[in-house]
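# Summary of the model geometry
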Amino acid sequence: MTEVIEFQPGWELIVGLEVHCELATKTKMFCGCRNEFGHEPNTNVCPTCLGLPGSLPVVNGSAVEYAMRLGRALQCTVSPSVFARKNYFYPDMPKDYQVTQYDKPTNTAGKLELPDGSFVGITRAHLEEDTGKTSHQGGDGRIHGAESSLVDYNRAGVPLVEIVSEPDIRTADQAKAYVDELRKIVLALGVSDAKMEEGSMRVDANVSVRPVGEPEFRTRCEIKNINSIRSVGRAIEYEAKRHIALYDVGEKPTQETRHWDEEHGRTRAGRSKENSDDYRYFDEPDLVPLVPTADDIARIDAALPMLPASRRRRLAEITGAAAADVTLVVDRGHDDFVVSVVGVGADAKKTLTRVENDLPPDQPITLAPQSFAQLVIMETAGELTATQAKQVLAEMLENGGDPKAIAAAKGFEAMASGALEAVVDGIIAANPADWAEFVVADDKARKKLSGFFTGQVMKATQGQADGRAVAEVLARRAAR
Amino acid sequence: MLAMPKPISRADVAHVARLARLRLTDDELDQFTPQLAAVLAHAADVEALDVTGVIPTAHPLPLRNVVRVDVVRPSIDRAAVLAAAPNVQDGQFRVPSILAEES
Ligand SMILES: [Zn+2]
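Per UniProt, chain A has the following entry under Sequence similarities (unreviewed entry): "Belongs to the GatB/GatE family. GatB subfamily."

See the structure below:
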């Protein structure tokens, strides 16, 4: 029995997400028009994507390939699929129907692993074509009260995969983590640029609440127009609170589509969701079934890159760190580097810390793993202090070079051995009264005085002495 | 055996007509309801057949996996595209207010 996470005392949040991902193919789903964002309106259109009479669709092989790749990455079953027409009247679709996969989608029954180790079920991930882009004019500029709309069909027919999750999500943070993880997977696969701000990745959230312990789901609302991962969390929390407030006064929410209003931080009722029966789905007569062979699927599996969850697991295993503590390095794409560095003999924990804290987070690493490993080995062996190691690393990042040579050039090597003792002796000689006190002091008093001496040594060495080494020399001298 | 489907009602026809954006008069509804019922009765004859073991056919053609290579082909000239539209603005199709169309 899993533990119930309460959204508010006595209430459980239930969320399922539908994520639309535009595929990064060169051309549209059913025609050879360019699939690119940012062109002049209605310049990437042809008789097929404009739905002109007599035109016929032909499936983009790359789109099918990408959809299967994404499906396998989400551990879905890939099955023979059939395209269908979803009929509706809306000017964003010039054909008055959208070609999509209905009861026979390419991918079904998968799952996605979140960084915290939990899983969210994937109901299906099907191929379809995107709609055109409408912008509303007149009224107050929003969709309500608009007097006319302008339509650009550059996006009409762009290949999409819609990934539908099971209603497994129980917190707003989990929903955000799901979208974030899906985005990373899509990017790792190279099947979409997944830019929420450009609309190449869009999220609809199905939100409902129920009293803790109630087995049935209650009425859900579908929230659209969510444009960032942050808004995913805000929209879900707002909607759940709205439902609870309604139940609290003895009312209930109506099943409907609502729009997230980013500016006012609330959802608003949109057009009520048509019954799926009303779309009068039927098999698309102009397209034949897609039937992937076992060989096709094996080939796709073999070509899958290592995915974020596997990367986190690998790094956690190598470094002994908790999975949550390696997320940052994996997200930055620096985990392969850590693995290489550790592979040539550097301490794994120290390497992880140095890579996470001291390498530029938003750049690919150009350092040779051998050089970096050398640096970590020198630091671990006590040949370099933490401060010195950072200075050597800064130099390596700036101008490249071998850490041993850089340390030598900076005079760091000498400091680590006899030179440190000489400096300490000098400080002792210069402060005879303090030193006399230090020699006879108890542990507590000595700690305080030790701070004074260490500070002096640091000053004299411009911070290049190792604090621990200084303390050792002091203790040795006092014991004499 | 399959149960006989309920015959189509006048309300069903009105509903389907609305979905197809057809404005039917009362007389037309009276005329089309029995006609559609006759068409569906014919389909019911087929439904009465025993199709155990027959694989559902998604398509009459013996073809599958017809795909094209992902290579860009020229689009058509925008001026020609927009010339066919009743209303145009800023290189886009101008259409009436969208939500007002929803009934
Ligand atoms: Zn086209």
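That shown, we press on.
Sheet architecture is open: four strands sit in the order E9(A)-E10(A)-E3(B)-E2(B), paired in antiparallel fashion. The two strands at the open ends of the sheet, each matched to only one other strand, are strand E9 (133-137) of chain A together with strand E2 (88-89) of chain B. Bridge count between E9(A) and strand E10 (residues 148-152) of chain A: five bridges; the pairing is antiparallel. From the neighbouring strand, A:Ser135 faces E10(A), where its bridge partner is A:Leu150.

Quick look at the side chain of A:Ser208 now. Along the polypeptide, A:Ser208 turns up in strand E12 (residues 201-211). In contact with A:Ser208, other than residues within four places in its own chain, are A:Glu12, A:Leu13, A:Ile14, A:Arg218, A:Thr219, A:Arg220 and A:His243.

A few words on the interface of chain A and chain B. For interface size, the figure often reported is the accessible area lost on association. Facing 55 residues of chain A, the contacting portion of chain B comprises 35 residues. For the pair chain A and chain B, the summed buried surface comes to about 3700 Å²; carbon and sulfur atoms form 58% of the total. When the area that chain A buries against chain B is broken down by residue, the three leading residues are A:Phe89, A:Leu150 and A:Val288, summing to 15%. Taken together, chain A and chain B are joined by one salt bridge. Two residues, A:Glu40 and B:Arg78, come together in a salt bridge whose shortest N-O distance is 3.9 Å. The interface formed by chain A and chain B contains 22 residue pairs in polar contact (both at pLDDT 80 or more). Broken down by secondary-structure element, the contributors of at least two residues to the side of chain A that touches chain B are strand E3 (59-60), helix H1 (61-73), E9 and E10 of chain A.

All names here are of chain A. Those donors, Cys 31 (SG), Cys 33 (SG), Cys 46 (SG) and Cys 49 (SG), are the protein atoms that reach the zinc ion, and they lie 2.2 to 2.4 Å from it. Coordination at the zinc ion is tetrahedral: its four donor atoms span angles of 99 to 115° at the metal. Every donor residue of the zinc ion comes from the same chain, spaced as C-x1-C-x12-C-x2-C. Remark: Cys 49 occurs in the loop between strand E2 (11-22) and E3 and Cys 31 occurs in the loop between E2 and E3; sequence separation between them is 18 residues. Overall, Cys 49 belongs to the buried group, its relative accessible area being 6%.

The rules behind these values
- Along each chain, numbering runs from 1 in the same order as the chain's sequence is written.
- Numbering of ligands from 1 and lettering of chains from A proceed in the order in which they are written.
- This being a predicted model, a pLDDT of at least 70 is required before a residue's local features are given, and a value of 80 or more before pairs of side-chain atoms are given or counted; all residues contribute to the totals for chains, interfaces and linings.
- Heavy atoms throughout the structure, all of them, feed into the side-chain values; hydrogens and water do not.
- UniProt positions are given in the numbering used here, feature names are shortened, and annotations may be inferred rather than shown by experiment.
- Paired strands, as defined in this entry, are two strands with at least two bridges between them according to DSSP.
- The helix and strand labels rest on DSSP assignments: H or I over at least four residues marks a helix, E over at least two residues marks a strand, and numbering proceeds from the N terminus.
- Only heavy atoms enter the contact rule, under which two residues are in contact if any of them lie within 4.5 Å.
- Buried surface area refers to the total accessible area, computed with a probe of radius 1.4 Å, that the two partners give up upon joining, counted for both partners together.
- Just to be clear on terms, a salt bridge is a Lys or Arg side-chain nitrogen sitting within 4 Å of an Asp or Glu carboxyl oxygen.
- Nitrogen and oxygen atoms within 3.5 Å of one another constitute a polar contact, given that in protein one can donate a hydrogen and the other can accept it, and given that sequence-neighbouring residues count only through two side-chain atoms.
- The donor set comprises N, O and S atoms within 2.8 Å of the metal, extended to 3.2 Å for Na, K and Ca; water molecules are omitted, so apparent gaps in a site may simply reflect that omission.
- A site with four donors is called tetrahedral when every donor-metal-donor angle falls between 85 and 135 degrees; four donors are called square planar, and six octahedral, when opposite donors sit more than 155 degrees apart and all other angles fall between 65 and 115; any other arrangement is irregular.
- Remark: exposure states derive from per-residue accessible area (1.4 Å probe, protein chains only) relative to the maximum for the residue type, with buried under 20%, exposed over 50%, and partly exposed in between.

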